[in-house]
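Below, each chain spelled out in residue letters.
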Amino acid sequence: MSKEIWVWAEQRQGRLMPVSLELLGKGQELSRKLGGKVAAVLMGAEVRELAAELLEHGCEKVYVAEDPILSLYQSGPYGNLLAGYIEESKPEIVLWGATSVGGELAAWVAARLRTGLTAHCIDLYIDDIKGKPQLVQVVPGWGGNLALKIVCDTTPQMATVKPGVMAEAPRTKAQGEILPLAVEIKGGDFRAETIEIVEEELEERPLEEAKIVVAGGWGLNSLGSFELVGELAKVLGGAVGGTRPALDKGWITESSLIGQSGKTVSPDLFISLGASGAAQFTTGFEKAKVILAVEQNPQAPIFEIADIGIVGDLKSILPLLIQELKKGL
Amino acid sequence: MALNIVVCIKQVPDPEHFSKVSLDPVTKTISREGIPAIINPLDKNALEEGLRIKEKFSAKVAVITMGPPQARRALEEALAMGADEAFLLCDKAFAAADTLGTACALAPGIQKIGHFDLVLCGNETVDSGTGQVGPQIAQFLNIPYLTKVKEIAFDEERTLIVKRGLEQGYMRVRVKLPALLAVNKEINKPRLTTAFGIIAAAEKEIKAFDCRELGVDPNDVGISGSPTRVVETFQRVSQRRREVIYGSPEEAVKKTTERLKEFGALVQ
Ligand SMILES: Cc1cc2nc3c(=O)[nH]c(=O)nc-3n(C[C@H](O)[C@H](O)[C@H](O)COP(=O)(O)OP(=O)(O)OC[C@H]3O[C@@H](n4cnc5c(N)ncnc54)[C@H](O)[C@@H]3O)c2cc1C
Ligand SMILES: Cc1cc2nc3c(=O)[nH]c(=O)nc-3n(C[C@H](O)[C@H](O)[C@H](O)COP(=O)(O)OP(=O)(O)OC[C@H]3O[C@@H](n4cnc5c(N)ncnc54)[C@H](O)[C@@H]3O)c2cc1C
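Because the structure is predicted, anything quoted here is derived from the model rather than measured.

### A closer look at the nonpolar core
For step 1, the next point in the chain: Trp-96 of chain A together with Ile-137 of chain B are the most contacted members of the largest nonpolar core, which totals 103 residues.
For step 2, the next point in the chain: At eight residues, the largest contribution of residues to this core is made by helix 4 (residues 102-113) of chain A.
For step 3, the next point in the chain: Apart from the residues lying within four places of it in its own chain, the contact partners of Ile-137 of chain B are Cys-8, Ala-103, Leu-106, Ala-107, Ile-110, Cys-121 and Leu-180 of chain B.
For step 4, the next point in the chain: Counting 36 residues, the second largest nonpolar core, distinct from the first, contains Val-19, Leu-23, Ala-51 and Ile-150 of chain A.

### Description of the domain arrangement of chain B
For step 1, the next point in the chain: Domain annotation for chain B reports domain 1 (2-220) and domain 2 (238-268).
For step 2, the next point in the chain: If you average the C-alpha positions of domain 1 of chain B and of domain 2 of chain B, the two centres end up 47 Å apart.

### Topic: helix 7 (residues 249-262) of chain B
Residue and element names in this part refer to chain B.
For step 1, the next point in the chain: For helix 7, built from 14 residues, the straight-helix expectation of 20 Å at 1.5 Å per residue is met to within 8% by its first-to-last C-alpha distance of 20 Å.
For step 2, the next point in the chain: Ala-252, Val-253, Thr-256, Thr-257, Arg-259 and Leu-260 are the residues of helix 7 that are buried. Each buried residue of helix 7 sits inside an arc of 160° when the element is viewed along its axis, so together they form one side. Among the exposed residues of helix 7, those pointing more than 90 degrees away from its buried face are Glu-250, Glu-251 and Glu-262.
For step 3, the next point in the chain: Just past helix 7, the residue Gly-264 takes up positive phi, approximately 70°.

### Observations concerning the site of ligand 1
For step 1, the next point in the chain: Around ligand 1 sit 30 residues in total, of which Trp-218, Thr-243, Ser-261, Ser-276 and Glu-295 of chain A are the nearest.
For step 2, the next point in the chain: Ligand 1 sits at the junction of chains A and B, each of which supplies nearby residues.
For step 3, the next point in the chain: The separation between an oxygen atom of ligand 1 and a polar main-chain atom of Gly-219 of chain A is 3.5 Å.
For step 4, the next point in the chain: Between ligand 1 and Ser-222 of chain A there is a distance of 2.8 Å, counted from a nitrogen atom to a side-chain nitrogen or oxygen.
For step 5, the next point in the chain: In isolation ligand 1 has 980 Å² of accessible area, and contact with the protein removes 88% of it.
For step 6, the next point in the chain: Mapped by element, the contributors of at least two residues to the shell around ligand 1 are helix 6 (244-248) and helix 7 (279-282) of chain A.
For step 7, the next point in the chain: Among the residues forming the shell around ligand 1, the class breakdown is 11 nonpolar, 15 polar and four charged.

### Side note on unusual backbone geometry
For step 1, the next point in the chain: The peptide bond linking Thr-155 of chain A to Pro-156 of chain A adopts the cis configuration, its omega dihedral lying at -5°.
For step 2, the next point in the chain: In this structure, Pro-178 of chain B follows Leu-177 of chain B across a cis peptide bond, with omega equal to 0°.
For step 3, the next point in the chain: Mapped onto the elements, Pro-178 of chain B comes out in the loop between strand 11 (169-176) and strand 12 (179-183).
For step 4, the next point in the chain: A positive phi angle, close to 55°, is found at Arg-114 of chain A, a residue other than glycine.
For step 5, the next point in the chain: With respect to the helices, strands and loops of the structure, Arg-114 of chain A is situated in the loop between helix 4 and strand 7 (117-118).
For step 6, the next point in the chain: Residue Arg-114 of chain A is classed as partly exposed on the basis of its relative accessible area, which comes to 43%.

### Some words on the interface of chain A and chain B
For step 1, the next point in the chain: Taken together, the 80 residues of chain A in the interface contact 72 residues of chain B.
For step 2, the next point in the chain: When chain A packs against chain B, close to 7,200 Å² is buried across both sides, 58% of that on carbon and sulfur atoms.
For step 3, the next point in the chain: Counting the surface chain A buries against chain B, the share from its top three residues, Trp-142, Lys-149 and Arg-191 of chain A, is 12%.
For step 4, the next point in the chain: Viewed at the interface, chain B and chain A are joined by 10 salt bridges.
For step 5, the next point in the chain: The partner of Arg-12 of chain A in a salt bridge is Glu-167 of chain B, with the nearest N and O atoms 2.8 Å apart.

### As for the domain arrangement of chain A
Residue and element names in this part refer to chain A.
For step 1, the next point in the chain: Domain annotation of chain A identifies domain 1 (5-189) and domain 2 (207-328).
For step 2, the next point in the chain: Here the C-alpha centre of domain 2 lies 33 Å away from the C-alpha centre of domain 1.
For step 3, the next point in the chain: Facing 14 residues of domain 1, the contacting portion of domain 2 comprises 14 residues.
For step 4, the next point in the chain: The junction of domain 1 with domain 2 conceals about 1,000 Å² of combined surface from both sides, 44% of it contributed by carbon and sulfur atoms.
For step 5, the next point in the chain: Three residues stand out in domain 1 for area buried against domain 2, namely Pro-140, Asn-145 and Lys-162, and they jointly supply 44% of the buried area on that side.
For step 6, the next point in the chain: Summed over the shared surface of domain 1 and domain 2, the number is zero salt bridges.
For step 7, the next point in the chain: Here domain 1 is connected to domain 2 by four residue pairs in polar contact (both at pLDDT 80 or more).

### Some words on the sheet that holds strand 6 (residues 93-97) of chain A
Residues and elements named next belong to chain A.
For step 1, the next point in the chain: Here seven strands make up an open sheet; going across it, the order is 7-11-6-1-4-5-12 and the pairing parallel. The two strands at the open ends of the sheet, each matched to only one other strand, are strand 7 and strand 12 (177-180).
For step 2, the next point in the chain: Here strand 1 (residues 4-9) pairs with strand 4 (residues 37-44) via six bridges, running parallel. Pairing of Trp-8 across the sheet is with Val-41, part of strand 4.
For step 3, the next point in the chain: Sheet contacts for helix 2 (residues 48-55): strand 1, strand 4, strand 5 (61-66) and strand 12; angle to strand 5, the most-contacted strand, approximately 165°.
For step 4, the next point in the chain: With respect to the sheet, helix 4 is in contact with strand 1, strand 6, strand 7 and strand 11 (157-161), its orientation differing from that of strand 6 by roughly 150°.

### Overview of the site of ligand 2
Residue and element names in this part refer to chain B.
For step 1, the next point in the chain: Around ligand 2 lies a shell of 29 residues, among which Lys-10, Asp-43, Asp-98, Ser-128 and Thr-130 are the nearest.
For step 2, the next point in the chain: Between an oxygen atom of ligand 2 and a main-chain N or O atom of Ala-97, the distance comes to 3.0 Å.
For step 3, the next point in the chain: Note that an oxygen atom of ligand 2 is positioned 2.5 Å from one of the side-chain N or O atoms of Ser-128.
For step 4, the next point in the chain: For ligand 2, the accessible surface in isolation is 930 Å², of which the surrounding protein chains cover 91%.

Definitions and limits used
Residues numbered from 1 in each chain as written. Chains lettered and ligands numbered in written order. Predicted model: local features only at pLDDT ≥ 70, side-chain atom pairs only at ≥ 80, totals over all residues. Heavy atoms only, no water. Core = buried A, V, L, I, M, F, W, Y, C linked by side-chain atoms within 4.5 Å. Buried < 20%, exposed > 50% of the residue type's maximum accessible area, 1.4 Å probe, protein only. Helix = DSSP H or I, 4+ residues; strand = E, 2+ residues; numbered from the N terminus. Contact = heavy atoms within 4.5 Å. Domains from an automatic or database assignment. Expected span 1.5 Å × (residues − 1). Arc of directions from axis to C-beta. Near = heavy atom within 4 Å. Polar contact = N/O pair within 3.5 Å; in protein donor to acceptor, adjacent residues only side chain to side chain. Areas by Shrake-Rupley, 256 points an atom, 1.4 Å probe, with all protein chains shown as cover. Nonpolar A, V, L, I, M, F, W, Y, C, P; charged D, E, K, R; others polar. Buried area = accessible area lost by both parts, 1.4 Å probe. Salt bridge = Lys/Arg side-chain N within 4 Å of Asp/Glu carboxyl O. Pairing = 2+ DSSP bridges. Axes fitted to C-alpha atoms, helices over the stretch in contact; angles between N-to-C directions.

As structure tokens, then:
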């Protein structure tokens, strides 16, 4: 049997989560190096249309587990079924979206299969490790732009990736096949039973959609408030984000955290104010078209990844910048 | 209803000192020398939830950690917050574990404490933050689990109705005990330790177990029980322009605005 690379294609409320198509793009890239096919596993009540969507994005095989009982995410049956499918088909690699659901499901399945799982990867590629092609999983490390390469010695090799990190697989002519999977529910699978999913309107426009994002870090503390970050964003018609210390301070909400534990954004312009540039933060806006950073420490790693860097004190620079940009627009 | 609750807590370097944390280039593990250690913030929320359940019903709250001898400090603090019992899983064999190797020690540790109805964890840690340990413990214990928990309510005697966060909204889930729940920050505000708590904690004993006492095969835990392996650390190089502007604030701002216009970054 040829090697397969699997993508767990998550659907919620009958819609495919965008990260699934992003993983498919990466899966295709990996399969060109590793050989074999890229397959998606899709679970839900009626998901044929979603299966077609995956095929239209170049998926070669879509395994479909269809049953009304799987309409909502149910941790018990989803985990047991997936572990069973993986044991049976033995894919070489399984990729999971690091969504609120995908993260826990991947962890549980990894434990059940006694295999490794690398969380929140920022890059994935195939390389020869000790003469064997293996999945190299890159995660942010400590201190500036340091990153770690992680490999897994057991199969399948599994990784989770946050939404927005990889590029979506392009549309192409659908050529793959849809293969049904048996759905067998075991006793005890519903000890935790999802009753309903309640969707809430977001208070703010999603950060991912903004063309300009202005983010503040711990450095704002010396100004006594986060207010000017909001003002600059307003002048530019952009959205506000922040680093983890800004979240801990209560200046931003969880949905505005940028980085490994938060959002990944790719706006036309990203402005970083008073943030040192830890890898866990900068990974959240690597794909921005232009990056501007204001920071007082010339040694700060943020300058390594900025297009334009101002070394200076926010106290004097931020009000001037707001004034100047107000004029300029 | 008397419940036995176990709260998993991890000792982590204080995020306020993260700029001093470095990665040992040889062992590829975090070097935390001179950095104060705290209880992982969300684990305090987990403990707080356990203590609130205890205040409402009758319950016993145990805390457990896997870590080096100095992790005892985290357990002492948890006892001072109000935990009844504390357990330290400590052995050289547990060192350098990935999440699988960690869960492989914590699951038998929880069983060793005795009968349990509810296991509480933080959703993720601040120092590596995979969020994988909770679900993996649940798998090894063969109990249902939920992550991102923001509200717990008792439905019937051994059934909970749990609100679990999603990207946009939440999920309502009915869970039968015994179960494992990994909690978010929204669930509660952890109490502070009081002088009275510290005095009461001095009376409480911390029990330590090593690998042999847990009856765990050393090959299943620590570095030997960890399928993931760090092969290399490296500097990521960015292809950006990296133009750094010094000078008076006025000049710097002027030059910056010019550049932004040049790059077309201000067009909406
Ligand atoms: C597993 C893991 C996941 C993480 N996930 C994230 C994440 O998703 N997002 C995230 O942001 N962090 C994350 N972190 C934390 C990250 O490592 C850093 O600690 C954090 O990004 C630092 O935030 P900061 O730059 O605001 O603070 P600091 O590093 O303290 O930087 C503040 C900067 O402000 C500058 N400054 C101070 N005053 C002024 C002034 N008046 N004018 C100009 N500059 C000034 C200082 O020179 C300093 O460089 C994570 C860490 C781990 C271990
Ligand atoms: C930068 C970095 C990245 C890493 N990436 C990975 C990775 O991708 N995959 C991997 O398998 N390992 C990884 N590790 C190793 C991982 O940090 C360890 O396995 C660690 O023991 C537990 O993982 P965590 O901190 O992510 O826990 P999480 O899964 O985030 O912890 C969730 C909860 O589990 C409980 N818990 C966790 N650890 C303990 C403990 N020791 N004692 C008691 N309760 C505990 C706490 O309640 C905690 O809130 C990484 C380590 C580093 C430094």
